[in-house]
Amino acid sequence: MTTRARGNWGPARAFALCLVAVAAWAGTAHAQTPSLVATVPASRSATSGYDLDFTLPTQSKSGCLVCHGDPDLVRLKAGKITSYYVAPDEYGSSVHGKEQCVACHLDFAYKLPHDTDVAWQVTAKTACRNCHDEQFVAFGKGAHQRAVDATGTRASVEESKPLCGDCHGSHAIQKLTESKAGQAAMHASGWEVCGRCHQDYWDSYDDYYHGAAYKRGAEDAPACWDCHGWHDILPAKDRKSRVSEANLVETCGQEGCHKRSTVDEDFVSSYKDAIHGKRQAKQDNPVYRLLRKLFGFVLKG
Ligand code: HEC
Ligand code: HEC
Ligand code: HEC
Ligand code: HEC
Ligand code: HEC
Ligand code: HEC
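Residues numbered from 1 in each chain as written. Chains lettered and ligands numbered in written order. Predicted model: local features only at pLDDT ≥ 70, side-chain atom pairs only at ≥ 80, totals over all residues. Heavy atoms only, no water.

**Some details on the coordination of the iron atom of ligand 1**
Thinking step 1. Coordination of the iron atom of ligand 1 by the protein comes from His 68 (NE2) and His 114 (NE2), over a distance range of 1.9 to 2.0 Å.
Thinking step 2. One can describe the site at the iron atom of ligand 1 as octahedral: its six donor atoms subtend angles covering 88 to 178° at the metal. Within this pair, whereas His 68 is found in helix α2 (residues 61-68), its partner His 114 is found in the loop between α3 (88-92) and α4 (120-126), the two being separated by 46 residues in sequence.
Thinking step 3. Note on His 114: relative accessible area 28%, which makes it partly exposed. (Donors = N, O, S within 2.8 Å, 3.2 Å for Na, K, Ca; no water. Tetrahedral: all angles 85-135°; square planar, octahedral: opposite > 155°, others 65-115°. Helix = DSSP H or I, 4+ residues; strand = E, 2+ residues; numbered from the N terminus. Buried < 20%, exposed > 50% of the residue type's maximum accessible area, 1.4 Å probe, protein only.)

Here it is, written out as structure tokens:
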């Protein structure tokens with residue numbers, strides 16, 4: 001999928017800028033960093049395309065950032081200008097700022113040019129398991145865990161289930177535990193984290209107290225994962241699911257939500273269907289259906 005575009009202005013320009021970046025980087029002469037050796041095959045000029053044979057001095061992120069720290073590192077891919085820039089400040093202030101790039105990009109040993117055949121996105125979005133065992137184990141118990149068949153490949157429907165990096169992103173991951181800022185940022189991204197794949201439940205999450213308030217940006221309205229959990233999300237009919245009838249009293253009565261003393265079986269059974277059901281309840285109402293038939297163009301949703 002990553003055929004390299006040759007003979008266009010993109011590679012040539014980025015190539016030249018890479019050299020500038022290398023020169024600038026080498027020029028800053030960091031005490032502990034050995035100088036970078038860049039060799040361009042003699043048969044090639046700076047305008048003939050991208051085929052660099054860099055010998056990186058050290059297995060460290062500064063080696064990767066020689067090229068990827070350049071805002072002008074772009075390539076023309078399938079007619080679209082694609083950026084390969086990784087903002088060093090953003091990365092540096094993320095929770096992984098001290099980690100090596102190859103901690104996630106396991107396919108990118110210090111070998112250049114890069115191997116373009118590897119499924120590097122999948123690798124990068126799952127390498128997390130090597131350091132976050134607890135979350136990986138919890139994830140393995142949930143509905144988003146992918147089933148692997150006997151040949152080790154995945155059925156195509158499985159492809160649409162999220163990997164770690166699909167929910168968390170890549171270079172700007174923030175602290176979440178005991179971090180109001182990190183949690184607030186995630187809370188505000190409910191559509192990207194869940195809704196984009198569960199459009200129907202995103203749309204139907206619109207009851208007055210929860211969904212409607214959440215979509216208006218209310219910080220104290222529950223995000224999808226406040227009810228469903230996050231790594232070990234289960235179907236509602238599974239008795240271990242947080243939204244199964246068996247556990248709703250506990251889920252609704254969790255700290256920061258409803259006062260435990262006011263939550264009982266009656267409370268949850270009378271309200272649970274409203275959370276995702278307002279739209280359906282409306283559509284099932286015969287008066288509403290008649291009005292919709294008559295004035296369908298006015299009544300939306
Ligand atoms: C000599 C410059 C250079 C260095 C050093 C470099 N890269 Fe790259 N990298 C590139 C270019 C150019 C591309 C765009 C490749 C293409 O045209 O498909 C790229 C693409 C990538 C991609 C996206 C791959 C794809 O197929 O879309 C990743 C991930 C990546 N590099 C990671 C790294 C890591 C990790 C390091 C350090 C181990 C590193 N790079 C070092 C120049 C470099
Ligand atoms: C915590 C894991 C992680 C670390 C550490 C990491 N990356 Fe990535 N990187 C990712 C993921 C995930 C993607 C996105 C894959 C996708 O969505 O297509 C990505 C994408 C990329 C891309 C493709 C362009 C883009 O921005 O989507 C480049 C280039 C890249 N990374 C380079 C680097 C470099 C250089 C470093 C070190 C400074 C680094 N990465 C560190 C996880 C990581
Ligand atoms: C379906 C989306 C989703 C997927 C997939 C996902 N996470 Fe999470 N993750 C979340 C949410 C939501 C939170 C909690 C946010 C909060 O605290 O407000 C979270 C929290 C975390 C935390 C903070 C500590 C904790 O457990 O609460 C870590 C670390 C983490 N995830 C790593 C991972 C790893 C590793 C994977 C892959 C095995 C993964 N996540 C897959 C959504 C996801
Ligand atoms: C090389 C090891 C390593 C890899 C690989 C790695 N992480 Fe981390 N991650 C860490 C460390 C170390 C921390 C900081 C822990 C701390 O500060 O308590 C961290 C913190 C986090 C946090 C914040 C945790 C919290 O409790 O607030 C999240 C979320 C997270 N990582 C997600 C990911 C995801 C998603 C990936 C893969 C795309 C990933 N990590 C890959 C080492 C790693
Ligand atoms: C990348 C797409 C994607 C993302 C993001 C995603 N899901 Fe899912 N989710 C799926 C797929 C695919 C299934 C499995 C459906 C099946 O097996 O028929 C699933 C299953 C579920 C189930 C079990 C019920 C069912 O229909 O099987 C629940 C509940 C759920 N997801 C909630 C969430 C929540 C909450 C989030 C955000 C924290 C989220 N999902 C993020 C794709 C996604
Ligand atoms: C206030 C708690 C709460 C919140 C927040 C919430 N849900 Fe639900 N969700 C439920 C309950 C209860 C059910 C089971 C009853 C039903 O299907 O209406 C459910 C059912 C589901 C199902 C079907 C599960 C199955 O096994 O059939 C999916 C998928 C789902 N929710 C996704 C989401 C998404 C996406 C969000 C965020 C936009 C979200 N939910 C927010 C409580 C919640």
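**Here's the deal with α2**
Thinking step 1. Burial in α2 covers these residues: Gly 63, Cys 64, Val 66 and Cys 67. The buried residues of α2 occupy one face: seen down the axis, they fall within an arc of 140°. (Arc of directions from axis to C-beta.)

**Things to note about the pairing of strand β4 (residues 80-83)**
Thinking step 1. Relative to β4, strand β3 (residues 74-77) is paired through four bridges, and the arrangement is antiparallel. Each bridged residue has a counterpart across the sheet, and for Leu 76 the counterpart in β4 is Ile 81.
Thinking step 2. Connecting β3 to the antiparallel partner β4 that follows it, the hairpin turn spans two residues, and Ala 78 within it adopts a positive phi of roughly 45°. (Pairing = 2+ DSSP bridges.)

**Considering the site of ligand 5**
Thinking step 1. By nearness alone, 16 residues border ligand 5, and His 144, Ser 160, Cys 194, Cys 197 and His 198 come closest of all.
Thinking step 2. One nitrogen or oxygen atom from the side chain of His 144 is found 2.8 Å from a nitrogen atom belonging to ligand 5.
Thinking step 3. Here His 198 contributes a side-chain N or O atom positioned 2.8 Å from a nitrogen atom of ligand 5.
Thinking step 4. Elements represented by at least two residues in the shell around ligand 5 include exactly α8 (190-195) and α11 (224-228).
Thinking step 5. Here the shell around ligand 5 takes three residues from α11, the largest share from any one element.
Thinking step 6. Class assignment for the residues of the shell around ligand 5 results in 10 nonpolar, four polar and two charged.
Thinking step 7. When we break the shell around ligand 5 down by domain, the ones giving at least three residues each are domain 2 (119-173) and domain 3 (180-295). (Near = heavy atom within 4 Å. Polar contact = N/O pair within 3.5 Å; in protein donor to acceptor, adjacent residues only side chain to side chain. Nonpolar A, V, L, I, M, F, W, Y, C, P; charged D, E, K, R; others polar. Domains from an automatic or database assignment.)

Read these as layout, nothing more, since geometry by itself doesn't imply function.
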